[in-house]
Amino acid sequence: MENDQEPLNDLQDPLVGGEGTLSQNHSVQDGSRTLSNFFIMAVLFSANHGTIVSCLALATSRLGAVGAWQSGVLYLFYTASGVFGGSYIVKRLGGRNGMILGMILYSIYVGCFLAATLFPNLELIIAISGAAFGGVGAGFLWIAQGNYFTEAAKRHAGDLAQDVSDSTTYLAGIFGFIYLAFEVVFRFSSSVLITFIDWRAIFTLYTGVACATTFGMVFVINYPKEDDASSVLIQATATIQLLVKDPKMKYMVGMNAIFGFAVAFMNSYINGEVLAVVLKDTESRFVGILSSWTALTAALVSLMTSFSSKRGVILIGGILSFSLVALSFLVFPDSATWNIWGLVIIYTLQGFGRATFESALKATFASYFAGNSTGAFGNIILQNGLASAIGYILTFRLLCDQPSRYCVRYSDGTLHDVLTFELLICITGVVAILGYWRGSVSYATEQMQASAITQCEQIEEVGEPRNLHDSYSDEEH
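To start, this report covers the structure provided alongside it. (Residues numbered from 1 in each chain as written. Predicted model: local features only at pLDDT ≥ 70, side-chain atom pairs only at ≥ 80, totals over all residues. Heavy atoms only, no water.)

1. Regarding the overall build of the chain
Secondary structure summary: the chain contains 17 helices and 2 strands in total. The 477 residues of the chain split such that 53% are buried. A sequence separation of at least 24 residues applies to 83% of the contacts in the chain between residues at least 6 apart. For the chain, the computed accessible surface area is about 21900 Å², with 65% contributed by carbon and sulfur atoms. (Helix = DSSP H or I, 4+ residues; strand = E, 2+ residues; numbered from the N terminus. Buried < 20%, exposed > 50% of the residue type's maximum accessible area, 1.4 Å probe, protein only. Contact = heavy atoms within 4.5 Å. Areas by Shrake-Rupley, 256 points an atom, 1.4 Å probe, with all protein chains shown as cover.)

2. What about the nonpolar core?
Of all hydrophobic cores here, the largest spans 125 residues; its most connected members are Met 41, Phe 45, Tyr 109, Met 217, Tyr 269 and Ile 270. Sort the elements by how many residues they give to this core and helix H11 (residues 253–278) lands first, with 15 residues. (Core = buried A, V, L, I, M, F, W, Y, C linked by side-chain atoms within 4.5 Å.)

3. A word on the packing of helix H4 (residues 95–118) against helix H7 (residues 199–216)
Two measures define how a pair of helices packs: the angle their axes make with one another and the distance between the axes. Their axes nearest at 9 Å, the elements H4 and H7 cross at an angle of 170 degrees. In terms of their interaxial angle, H4 and H7 are classed as roughly antiparallel. Pair H4 / H7 crosses with left-handed handedness. Across the interface between the two elements, Ile 100, Met 103, Ile 104, Ser 107, Val 110, Gly 111, Phe 113, Leu 114, Thr 117 and Leu 118 from H4 touch Arg 200, Phe 203, Thr 204, Tyr 206, Thr 207, Ala 210, Cys 211, Thr 213 and Thr 214 from H7. Within the contact of H4 with H7, the residues separate by chemical class into 11 nonpolar, 7 polar and 1 charged. (Axes fitted to C-alpha atoms, helices over the stretch in contact; angles between N-to-C directions. Parallel < 35°, antiparallel > 145°, perpendicular 65-115°, else oblique. Left-handed = near helix turned anticlockwise from the far one by under 90°. Nonpolar A, V, L, I, M, F, W, Y, C, P; charged D, E, K, R; others polar.)

4. Regarding the state of the cysteines
With the rule as written, the count across this model stands at 1 disulfide. Each sulfur in the disulfide pair Cys 400 and Cys 407 lies 1.9 Å from the other. Judged by the torsion about the S-S bond (100 degrees), the Cys 400/Cys 407 disulfide is right-handed. Cys 112 takes part in no disulfide bond, and the closest cysteine sulfur to it belongs to Cys 55, at a distance of 7.5 Å. (Disulfide = S-S within 2.5 Å.)

5. Remarks on the environment of Thr 34
Along the polypeptide, Thr 34 turns up in helix H1 (residues 2–63). On a C-alpha basis, the gap between Thr 34 and Asp 159 in space is 8.4 Å, while along the polypeptide they are 125 residues apart. Apart from residues no more than four positions distant in its own chain, Thr 34 is found in contact with Ala 152, Arg 155, His 156, Asp 159 and Tyr 223. Among the polar contacts listed, one links the side chain of Thr 34 to the side chain of Asp 159, at a separation of 2.8 Å. (Polar contact = N/O pair within 3.5 Å; in protein donor to acceptor, adjacent residues only side chain to side chain.)

6. Some thoughts on unusual backbone geometry
A positive phi angle, close to 55 degrees, is found at Ala 161, a residue other than glycine. Structurally, Ala 161 can be placed in the loop between helix H5 (123–160) and helix H6 (164–193).

7. Some points on the packing of aromatic side chains
A full pass over the atoms with the stated rule returns 26 aromatic pairs. Between the aromatic rings of Phe 38 and Phe 149, the centroid separation amounts to 6.1 Å while the plane-to-plane angle is 50 degrees, which identifies the pairing as tilted. Here Phe 149 lies in helix H5 and Phe 38 lies in helix H1, a separation of 111 residues in the sequence. These aromatic residues form a ring-pair network of at least three members: Phe 38, Phe 45, Trp 142, Phe 149, Phe 175 and Tyr 179. (Phe/Tyr/Trp six-rings, centres within 6.5 Å; stacked < 30°, edge-to-face > 60°.)

8. Focus: the pattern of salt bridges
This model, assessed by the stated rule, comprises 4 salt bridges. The salt bridge involving Arg 155 is made with Glu 151; its shortest N-O contact spans 3.0 Å. You can see Arg 155 and its partner Glu 151 sitting in helix H5, 4 residues apart, about one turn around the helix. One network of salt bridges, in which partners are shared, links Asp 246, Lys 248 and Glu 446. (Salt bridge = Lys/Arg side-chain N within 4 Å of Asp/Glu carboxyl O.)

9. Digging into the side chain of Thr 214
Take Thr 214: it is sitting in helix H7. Separated by 2.7 Å, the side chain of Thr 214 and the backbone oxygen of Ala 210 make a polar contact. Ignoring anything within four residues of it in the chain, the contact list for Thr 214 reads Asn 48, Ile 100, Met 103, Ile 104 and Ser 107.

10. Regarding the packing of helix H9 (residues 238–245) against helix H15 (residues 373–397)
In the contact formed by H9 and H15, the axes pass within 8 Å of each other and the chain directions differ by 90 degrees. Relative to H15, the element H9 is oriented roughly perpendicular. Across the interface between the two elements, Ala 238, Thr 239, Ile 240, Leu 242 and Leu 243 from H9 touch Gly 375, Ala 376, Gly 378, Asn 379, Leu 382 and Gln 383 from H15. Residues belonging to the contact of H9 with H15 are distributed by class as follows: 6 nonpolar, 5 polar and no charged.

11. Remarks on empty space enclosed by the protein
Throughout the structure, instances matching the rule amount to 5 cavities of 30 Å³ or more. For the largest cavity, the calculated volume is near 460 Å³. When contributions to the lining of the largest cavity are tallied by element, the ones reaching two or more residues are H1, helix H2 (65–83), H5, H6, H11, helix H12 (285–305), helix H14 (340–368) and H15. A total of 6 residues in the lining of the largest cavity trace back to one element, the largest contributor, which is H14. Along the lines of polarity and charge, the residues of the lining of the largest cavity split into 18 nonpolar, 6 polar and 5 charged. (1 Å grid on protein atoms, 1.4 Å probe; cavity = no way out; pocket = protein on both sides within 12 Å on 5 of 7 lines; lining within 4 Å. Points joined across faces, edges and corners; volume = space filled by probe spheres on them.)

12. Let's talk about H9
All of the buried residues in H9 are Ala 238, Thr 239 and Leu 242. In a view along the axis of H9, the buried residues occupy a sector of 105 degrees, so they form one face of it. Among the exposed residues of H9, those oriented more than 90 degrees off its buried face are Val 244 and Lys 245. (Arc of directions from axis to C-beta.)

13. Considerations on a nonpolar patch on the surface
Taken together, the side chains of Phe 188, Val 192, Phe 196, Ile 197, Phe 286 and Ile 289 define a hydrophobic patch exposed on the protein surface, amounting to about 530 Å² of accessible area. Mapped onto the nonpolar patch, the elements with two or more residues apiece are H6 and H12. If you trace the backbone, Phe 188 turns up in helix H6. (Patch = residues over 30% accessible without salt bridge, like charges linked within 9 Å, V, L, I, M, F, W, Y side chains within 5 Å.)

14. A closer look at the environment of Asn 147
Mapped onto the fold, Asn 147 is located in helix H5. Under the relative-accessibility criterion, Asn 147 is labelled buried at 10%. With 230 residues separating them in the primary sequence, Asn 147 and Phe 377 have C-alpha atoms 7.9 Å apart.

Written out as C-alpha cells, the structure reads:
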C-alpha cells in the first residue's frame, strides 16, 4: 500500500510547486502594486510640500521680521493642530483623505505669499492668516502621512512575506529621497527663476503646483480607516495619551527638539542674516541655491541609508550634524570671517541631519510605537513643531544692548543674542543622544519580554501534558 502511494506523491509535488510559484508571483505583483501606489503618493505629497518649504525658507529673507513671526505662527498652529484634534481628524477621514484636506490648507499658505506680494499694504494680515491655515493643515497632514505610510509598510511586508521592519525601513528611505529631491527642485528653482521672472510669477507657479498635486492625490488608493471604538476625546488626544502613558516617548523628545531648533536657526539667522553679509545677497538669490544643496545632501543620504539597519548610528550622526551647525557659529561668531566654502559645509551638515529626521527617525517611531501610529506621528508634530515655534520666536526675542561677538546687529538694525540660541542647540544635542539611548534600551526590553511570553505560550501549547486516562488508553492499544 505504501508503494502505491509513492507515485501519487511524485505527481503531487509538481502541482504543489506550481501553486507555490503562482502564489509567489502573485505576491510579488501585489508588492509591486503597493510600491507603485506608495511612489505616486510620495511624488504628489513631496511636490506639494516642496512649494511649502521653499516659501518657508524665503519667509524671513523676503518678508523680514514679518516672515519670522509668520513662521512662528505657522509652527504654533502646526503643533496645536497636531495635539488637539489632528489625531481625531485622521481617524475619521483616514490617511489619504486626511492628506488631501491638509494639502488644501497648505495650498492656502503658499497662496498667501502671492497675495502678500500683490498687496504689500496688507502683508502682515495676509502672512499671519496664511500661516494659521497652513499650520492647521500641517498638524494633521503629517499624522495622515504617517498613518498611510504605516499601512503601506504593513501591506508591502504582507505581500512579500517579509518582516514589517524591513518594509518600514525600505519605504522610509524611498519617501525620504523623493521628498527631499522635490525640495531640491523647488528650492533651487527660486534662485534660477528670479533671473527671468519676478517673485509674483514665482509664487503664482508655486501656488499652481500646490493645487494641482492636491487634486492628484484623489487618485491614490484609499486604505481603510483604523477601527477605533474609543471616545472622541480619546481619539482627539491620542498624541498626549501616548506621550503620557508610553515611557519611551519622553526619551524621544530631544531628537525632535534639536531638529526644530536647528531648522529655525538655519532659516531665520543663517538664511536671513548671515548669507546677506557673507555673499552680499540682498535679493535672496543664494538662499534657494544653498537650501537646495541641503535638500540634495539629505536626499542622497536618505537613499544611501534606506538599506541600512543601523538606525541608531544614523540618528546619532544626524544629531551631531545639527549640533555642529550651531557649534560652528559658536566658535566663529563673526559672519564677516565666513566664506562660501564654509557655508557649503554648514548646509551639508544640515542636509545630513535632515536625512536622519525624514527617514531614520520616522522609521524608528513607526517601529517603536507600531500599535499607535497616529499618536506616534502626532508626537513628532508636537515635539518638533513646538521646538520650531520656540526657535523662530527666540530669533527675534533674544535681544541685547551692546554689539559684541555674540550680540549681532540684524539687517533691520536691532541687536540679537545668538549665543543663547547656539548653546540651546548644543545642549539639546546631548540630551537627544542620551534620550535615544534610554529609549532604545526600553524598546529592546519590551521586545525581549514579548518574545519570552510568546515562547512560553508556544511551549504550553506544544508540551501540554495529556491526562492519565489518555496514557492508559495508549498502553492498552
